[in-house]
Amino acid sequence: MKKSSKAALLSGLLFPGIGHLFLKAYFRGYALLVTALVALSVIIRTAYQQAQLIVDQVLSGDVAMDSAAITQAVADSANTTDSLISNIAVFVLAICWLAGIIDSYRLGLRDA
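Right, let's walk through the structure included here. Quick caveat, the model's predicted, so the values are computed rather than measured.

1. Here's the deal with the overall build of the protein
Then comes step 1: For the protein, the helix and strand inventory stands at five helices and zero strands.
Then comes step 2: The linear arrangement of helices and strands in the protein, starting from the amino end, is α-α-α-α-α.
Then comes step 3: For the protein, the C-alpha radius of gyration of 19 Å lies well beyond 13 Å, the compact-globule estimate for 112 residues.
Then comes step 4: Overall, the protein is about 65 × 25 × 20 Å in size when its C-alpha atoms are taken along their principal axes.
Then comes step 5: Counting over 112 residues, the protein shows a buried share of 31%.
Then comes step 6: Of the contacts made within the protein by residues no fewer than 6 positions apart, 57% connect residues no fewer than 24 positions apart.
Then comes step 7: Of the roughly 7,100 Å² of accessible surface on the protein, 69% is carried by carbon and sulfur atoms.
Then comes step 8: Between the mean site of the 8 positive side-chain charges and the mean site of the 7 negative ones, the protein shows a separation of 31 Å.

In structure tokens, the structure reads:
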């Protein structure tokens, strides 16, 4: 398998930046890796906080314990500022992933 294909697969299937590290492009690799990790941590933190709020509402009796009420609470929580931040983080993660695949493939072709 070509170096460029292997690097692109590593970035695409594992995590952004791994292909760059394979190609010994350490600065780019760590930059993508750290940016993607920060974006992923924002997504996870926001999802956890929203889930915890809904669980608290269910336990306090503000939201009925049936699937329709919980689904409505989830839909209502999707319109908060945290959701905007989470959407931006998802966009950043997707861009990092795509840039990692394309750039590692390009770097692998150049080094071949």
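2. As for unusual backbone geometry
Across residues other than glycine, the phi torsion is negative in most instances, and most of the peptide bonds are trans.
Then comes step 1: For K24, which is not glycine, the phi dihedral falls at a positive 65 degrees.
Then comes step 2: Accessibility expressed as a relative area gives 61% for K24, which makes it exposed.

3. Structural notes on the side chain of S4
Then comes step 1: Residue placement: S4 occurs in helix α1 (residues 3-13).
Then comes step 2: When near neighbours in sequence (up to four residues on either side) are disregarded, S4 contacts S104, Y105, G108 and L109.

Conventions and cut-offs
- Think of each chain on its own: its residues are numbered from 1, step by step along the sequence as written.
- For this predicted model, a pLDDT threshold of at least 70 governs which residues receive local features, and a threshold of 80 or more governs which side-chain atom pairs are given and counted, while totals over whole chains, interfaces and linings are taken from all residues.
- Working from all heavy atoms in the structure, the side-chain values ignore hydrogens and water.
- Runs of H or I in DSSP of at least four residues are treated as helices and runs of E of at least two as strands, each being numbered from the N terminus.
- Throughout, the radius of gyration refers to the C-alpha atoms, and the reference size of a globule is 2.2 Å times the residue count to the power 0.38.
- Per-residue accessibility, obtained with a 1.4 Å probe over protein chains only, is compared with the maximum for each type, and a residue is labelled buried under 20%, exposed over 50%, and partly exposed between these values.
- By the convention used here, residues are in contact when the closest approach between their heavy atoms is within 4.5 Å.
- Only the protein chains shown count as cover for residues, and the accessible areas themselves come from Shrake-Rupley with a 1.4 Å probe.
- Think of it this way: Lys and Arg go in the positive column, Asp and Glu in the negative one, and His and the chain ends go nowhere.
- To locate a charge, take NZ of a lysine, CZ of an arginine, CG of an aspartate or CD of a glutamate.

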